[in-house]
Protein chains: 2
Amino acid sequence: MKFAPRKFSIIFLLVWSYSALGQAENIAEKLGYPKDAKMLIIHADDLGMSNSENRASIEGLEMGPVNSASIMVPCPWFPEIASYAKTHQHVDFGLHLTLNSEWKNYKWGPVSAKDSVATLVNSQGYFFDNVPEVVQKGDPDHVEIELRNQVLKAKKEGIDITHLDAHMGAAMGSVDFLAAYIKVGREFNLPVLLDDAIPAMADTKIQEMLGPKDIVMDRTMSANPTNFANGMDVFYTSILNELEPGLNCLLIHLAYDDVEMRAITVDHPDWGAAWRQADFDFFNSKEAKKLVEDNNIVLVTWKMLRDKIVRAD
Amino acid sequence: MKFAPRKFSIIFLLVWSYSALGQAENIAEKLGYPKDAKMLIIHADDLGMSNSENRASIEGLEMGPVNSASIMVPCPWFPEIASYAKTHQHVDFGLHLTLNSEWKNYKWGPVSAKDSVATLVNSQGYFFDNVPEVVQKGDPDHVEIELRNQVLKAKKEGIDITHLDAHMGAAMGSVDFLAAYIKVGREFNLPVLLDDAIPAMADTKIQEMLGPKDIVMDRTMSANPTNFANGMDVFYTSILNELEPGLNCLLIHLAYDDVEMRAITVDHPDWGAAWRQADFDFFNSKEAKKLVEDNNIVLVTWKMLRDKIVRAD
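A short tour of the structure in this document, coming up. Owing to the predicted nature of the structure, the values given are computational and were not obtained by experimental measurement. (Residues numbered from 1 in each chain as written. Chains lettered and ligands numbered in written order. Predicted model: local features only at pLDDT ≥ 70, side-chain atom pairs only at ≥ 80, totals over all residues. Heavy atoms only, no water.)

Some points on the packing of helix H10 (residues 232-241) of chain A against helix H12 (residues 273-283) of chain A
Residue and element names in this part refer to chain A.
In step 1: In contact at an axis separation of 9 Å, H10 and H12 are set at 45° when each is read in the N-to-C sense. Taken as axis vectors, H10 and H12 run oblique relative to one another. The way H10 lies across H12 gives a crossing that is right-handed. Residues Met232, Asp233, Tyr236, Thr237 and Leu240 of H10 form the contact with H12, whose own contacting residues are Trp275, Ala278, Asp279, Phe282 and Phe283.
In step 2: By residue class, the composition of the contact of H10 with H12 is seven nonpolar, one polar and two charged. (Axes fitted to C-alpha atoms, helices over the stretch in contact; angles between N-to-C directions. Helix = DSSP H or I, 4+ residues; strand = E, 2+ residues; numbered from the N terminus. Parallel < 35°, antiparallel > 145°, perpendicular 65-115°, else oblique. Left-handed = near helix turned anticlockwise from the far one by under 90°. Contact = heavy atoms within 4.5 Å. Nonpolar A, V, L, I, M, F, W, Y, C, P; charged D, E, K, R; others polar.)

A closer look at the interface of chain A and chain B
In step 1: Tallying the contact residues gives 28 residues for chain A and 28 residues for chain B.
In step 2: At the boundary of chain A with chain B, total buried surface from both sides reaches about 2,300 Å², with 51% on carbon and sulfur atoms.
In step 3: On inspection of chain A and its partner chain B, the count reaches zero salt bridges.
In step 4: Put simply, chain A and chain B have 14 residue pairs in polar contact (both at pLDDT 80 or more) between them.
In step 5: Listed by contribution, the elements that provide at least two residues to the side of chain A that touches chain B are helix H3 (51-63), helix H4 (78-87), helix H6 (140-156) and helix H11 (259-264) of chain A. (Buried area = accessible area lost by both parts, 1.4 Å probe. Salt bridge = Lys/Arg side-chain N within 4 Å of Asp/Glu carboxyl O. Polar contact = N/O pair within 3.5 Å; in protein donor to acceptor, adjacent residues only side chain to side chain.)

Thoughts on helix H13 (residues 286-294) of chain B
Residues and elements named next belong to chain B.
In step 1: Turning to H13, its buried residues are Ala288, Leu291 and Val292. All buried residues of H13 lie within an arc of 100° about the axis, which places them on one face of the element. Among the exposed residues of H13, those oriented more than 90 degrees off its buried face are Lys286, Glu287, Lys290 and Glu293.
In step 2: As for H13, its buried residues are in contact with strand S1 (38-47), helix H10 (232-241), helix H12 (273-283) and strand S9 (297-299).
In step 3: Two residues or fewer after H13 comes Asn296, characterised by a positive phi angle close to 50°. (Buried < 20%, exposed > 50% of the residue type's maximum accessible area, 1.4 Å probe, protein only. Arc of directions from axis to C-beta.)

Overview of unusual backbone geometry
In step 1: The amide bond that connects A:Gly64 to the next residue, A:Pro65, takes the cis arrangement and shows omega of 0°.
In step 2: Within the element layout of this structure, A:Pro65 appears in the loop between H3 and strand S2 (68-71).
In step 3: Positioned with a positive phi, A:Asp46 is a non-glycine residue whose angle comes to about 75°.
In step 4: Of note, A:Asp46 is situated in strand S1 (residues 38-47).
In step 5: The buried category is assigned to A:Asp46, whose relative accessible area is 2%.
In step 6: Positive phi is not limited to glycine here, since B:Asp267 has a value of about 65°.
In step 7: Secondary-structure assignment places B:Asp267 in the loop between helix H11 (259-264) and H12.

So, the packing of aromatic side chains
In step 1: Tallying each qualifying case throughout the model produces 20 aromatic pairs over all chains.
In step 2: Pairing B:Tyr236 with B:Phe282 gives two aromatic rings, centres 5.5 Å apart and planes at 35°, and the pair type is tilted. In this pair, B:Tyr236 sits in helix H10 while B:Phe282 sits in helix H12, placing the two residues 46 residues apart along the sequence.
In step 3: The class for B:Tyr236 is buried, based on a relative accessible area of 1%.
In step 4: Judged by its relative accessible area of 6%, B:Phe282 is buried.
In step 5: Consider the rings of B:Tyr236 and B:Phe283, whose centres lie 4.8 Å apart with planes at 65°: the pair is edge-to-face. One end of the pair, B:Tyr236, is in helix H10; the other, B:Phe283, is in helix H12, and 47 residues separate them in sequence. Like B:Tyr236, the residue B:Phe283 is buried in the burial classification.
In step 6: An aromatic cluster of at least three residues, connected via ring pairs, comprises A:Phe235, A:Tyr236, A:Phe282 and A:Phe283. (Phe/Tyr/Trp six-rings, centres within 6.5 Å; stacked < 30°, edge-to-face > 60°.)

A look at the pairing of strand S3 (residues 93-97) of chain B
All names here are of chain B.
In step 1: With five of its five residues buried, S3 lies for the most part within the structure.
In step 2: Here three bridges tie strand S2 (residues 68-71) to S3, and the two strands are oriented parallel to one another. What sits directly across from Ala69, in S3, is Phe93.
In step 3: Taking the sense of rotation as the criterion, the β-α-β connection linking S2, helix H4 (residues 78-87) and S3 turns out right-handed. (Pairing = 2+ DSSP bridges. Right-handed = clockwise from strand over helix to strand, strands pointing away.)

Concerning the side chain of A:His43
Residues and elements named next belong to chain A.
In step 1: For His43, the location among the structural elements is in strand S1.
In step 2: A distance of 3.4 Å separates the side chain of His43 from the side chain of Asp165, its partner in a polar contact.
In step 3: For His43, the contacting residues outside a window of four places in its chain are Ser68, Ala69, Ser70, His163, Asp165, Cys249, Leu250, Leu251, Ile252 and Trp302.

Observations concerning the side chain of B:Ser101
Residues and elements named next belong to chain B.
In step 1: With respect to the helices and strands, the residue Ser101 is situated in the loop between S3 and helix H5 (131-137).
In step 2: Separated by 3.1 Å, the side chain of Ser101 and the backbone nitrogen of Trp108 make a polar contact.
In step 3: Among residues more than four places away in sequence, those in contact with Ser101 are Tyr106, Lys107, Trp108, Phe127, Phe128 and Asp129.

So, the pairing of S2(A)
All names here are of chain A.
In step 1: Of the two faces of S2, the one lined by Ser68 and Ser70 and the one lined by Ala69 and Ile71 are each fully buried.
In step 2: When S1 meets S2, the two strands line up parallel, connected through three bridges. Counted as the bridge partner of His43 is Ser68 from S2.
In step 3: With H3 bridging S1 and the parallel S2, this β-α-β connection has right-handed handedness.

Set out below in structure tokens:
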């Protein structure tokens, strides 16, 4: 079945919702919440990347309010987090689909046979380190092959995948990449993280792909280097205090400021070891839980979105 | 040029050495030492495997008496040690040619395109975890391809490779594997670690490959779980006190007993984090240096063997 263009769907739904047929349910209502609920996914990225990231993310997920995370299948510590995910099926794990290897001294490459995704691989056999190079050199067919193989590998490991998203946005870096990413999500009946702020989203090709079961965030938020410089607690406190109604996703990165993480992120303080420790410290504090509660924030998971919307009849 | 059979060479040399032509030089003499010198390479294995292994091995090499090491090209932290090797050309670095991925939660696979070495790869795309499975399933042609690609990758990174050896002996695991390993050494004019204690060495095919420029250890030594249980200092002290004349190689594993190393070696105390810390502690002690000195041990490097024997006119 071909999906109707999304912009068209929205207009159609608006017309329809004020018609005699009654009002269409928005995402909040589909999940069983009031239609103006302030929904939030507090989502840890980069699991599988290092042992430090795995340990801190597991601790964050077990203590809350962090309630969802995504795993990088091509990374060295993938088997560790896959083993945890397999034995903790109630924890919300998606895949952080990965097309680049950004650190200086610690590398990974594709899950696929290298020559089947040759345009994604540098002369050392790793992914390119930066997203612009991936987007410039990568053949969208190779992107599709690699994304699919990452999903297949995770499934084979017994992970109950709740969603897909894109490490550093590489898999959303062009219209054709984004189309491949959405297509792979469809194949496995999985929601993929989408947001109208992604430049390629505006393209007709993408809009024509989208339908009412696609999950498009109202807001996707993440700390930037200025936020880090001003203090993560200031940033996250204001995010939670000022959260607007709708579906919101806050992307964070949990790891310890330890020797391994400092070595991986050497020469790169942004998204570095101290940054990730600051994320961990904030979201493992009583204050974070209290802010969620005081602001009547409804924590929703990708599993809810998958099962009640994407996989609903 | 085809090399004369080695056993034949030895007999020939013995006859020749007592002839009117004078006595042939043994390895010690070729390196400029008395012929009964107690030569020793104190060799750190597994570099590139983890950040902890890299840091501890570099510290060991810089402090002495550890004087040689080998690098695992397929491992996640290879770029870190390659970068060090490139800028520290005086340090003796070979390659620890790798065909297996033995730890539970932390994995690597071939440097080659996976489908070009399909018999070396498990269903998850990694090397097999145990050597018997590599030997049973691995096609020797695939072994040759992978070993060559590991050398080519290290050369491309600017490492001045002094020798080749074999991680957990996998590349010496059968006559055909050993033949591929020796062949790749020849191609790059590099010494490969050989020892008559390797079972496949006795095979005619191998003996026919060997010539007077091949470096066969008189003794290759390494701690085993019983040695570890009885205390590494006891074991290494006796090794150094009882060292016999000839060419000796002592294989050790330097890492810190830290969080990363404990996570990698989880459920496997043998060759685990504490084991590697014990190796580090012994060889970074004043006692180790004093034992080398007191026993008139001559520390030789693979670079000396490469340049004065394998690459000599």
